[in-house]
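Survey of secondary and tertiary structure
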Amino acid sequence: DSGVTQTPKHLITATGQRVTLRCSPRSGDLSVYWYQQSLDQGLQFLIQYYNGEERAKGNILERFSAQQFPDLHSELNLSSLELGDSALYFCASSVTWGSTGELFFGEGSRLTVL
Amino acid sequence: DAKTTQPPSMDCAEGRAANLPCNHSTISGNEYVYWYRQIHSQGPQYIIHGLKNNETNEMASLIITEDRKSSTLILPHATLRDTAVYYCIVRVEGQAGTALIFGKGTTLSVSS
């Protein structure tokens, strides 16, 4: 158990819909990272937040957005969903935004778009 | 961040040492080498990291060549539970906004 909690574990929805994925980082971790893993793309970095502020952006689509709240949990919002958005979405946390060592990953949220 | 090159797949017999190579010939002086693994759709798991010196922990050993252009992750006594995708990543420590950028990794299959 990494200490990072993601909900929901599984989500099935239709094209055009909007979903929100939630991540609670490990206690004390200030930085949150979001990753997308689809079969043909591998693990893709989406976005990073540190203590409520956006710190880095990767391959995140404009239809996707994220935020980190004062209690440090984070949400990833996916809108106008397409079939290709079906993937595993992982959240990770670490102590500081530039820290060495470990990123702790959650077990992921599996999104299926029909 | 520097790119890494890993073999797409490797096999290992249970109980034997698994030696996973990684080439990072363009690594910069301030970049660390990290290893993570992902067991069948679970979240990636940190294994070990190092800068210049060889490192060992309860999971594995990391051997970095003197010129730092390549490294080897060693699982001393592989078990079936070590079957996973292993990722070698180079990353600047302490840099603002630095996330881990994963490549395709090496799929290690441990068999009995």
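Our structure's up above, just so we're on the same page.
Scoring rules and cut-offs
- Residues numbered from 1 in each chain as written.
- Chains lettered and ligands numbered in written order.
- Predicted model: local features only at pLDDT ≥ 70, side-chain atom pairs only at ≥ 80, totals over all residues.
- Heavy atoms only, no water.
- Pairing = 2+ DSSP bridges.
- Helix = DSSP H or I, 4+ residues; strand = E, 2+ residues; numbered from the N terminus.
- Axes fitted to C-alpha atoms, helices over the stretch in contact; angles between N-to-C directions.
- Disulfide = S-S within 2.5 Å.
- Buried < 20%, exposed > 50% of the residue type's maximum accessible area, 1.4 Å probe, protein only.
- Phe/Tyr/Trp six-rings, centres within 6.5 Å; stacked < 30°, edge-to-face > 60°.

1. Some words on the sheet that holds strand E3 (residues 19–24) of chain A
Residues and elements named next belong to chain A. Across the sheet, 4 strands lie side by side as E1-E3-E8-E7; this open sheet has antiparallel pairing. For this open sheet the edge positions go to strand E1 (5–7) and strand E7 (64–68), each flanked by a neighbour on one side alone. Ignoring strand direction, the axes of neighbouring strands in this sheet form an average angle of 15°. Summarising the sheet, E3 and strand E8 (residues 74–78) pair through 5 bridges and their orientation is antiparallel. Across the sheet, residue Thr-20 finds its bridge partner in E8, namely Asn-77.

2. Focus on the state of the cysteines
This model, assessed by the stated rule, comprises 2 disulfides over all chains. The disulfide partner of A:Cys23 is A:Cys91, and the S-S distance across this bridge is 1.8 Å. Linking A:Cys23 and A:Cys91, the disulfide has an S-S dihedral of approximately -55° and is accordingly described as left-handed. Of this pair, A:Cys23 sits in strand E3 while A:Cys91 sits in strand E9 (residues 87–94), placing them 68 residues apart in sequence. Exposure remark for A:Cys23: the relative accessible area of 0% places this residue in the buried category. A:Cys91 sits in the buried class, given a relative accessible area of 0%. Here B:Cys22 engages in a disulfide with B:Cys88; their sulfurs sit 2.1 Å apart. Torsion about the S-S bond of the B:Cys22 and B:Cys88 cystine: about -80°, corresponding to left-handed handedness.

3. Quick word on the packing of aromatic side chains
Scanning all chains against the criterion turns up 10 aromatic pairs over all chains. Taken together, a centroid distance of 6.0 Å and an interplanar angle of 75° make the contact between A:Phe105 and B:Phe102 edge-to-face. Here A:Phe105, found in strand E10 (residues 104–105), pairs with B:Phe102, found in the loop between strand E8 (84–92) and strand E9 (106–111), and the two come from separate chains. Each of the two residues, A:Phe105 as well as B:Phe102, counts as buried. Considering the side-chain rings of B:Tyr32 and B:Tyr34, the 6.5 Å spacing of their centres and the 45° angle between planes classify their relative orientation as tilted. A single burial state applies to B:Tyr32 and to B:Tyr34, both of which are buried. What links up through ring pairs into an aromatic cluster is the set A:Tyr35, A:Phe45, A:Phe105, B:Tyr36, B:Tyr46, B:Tyr87 and B:Phe102.

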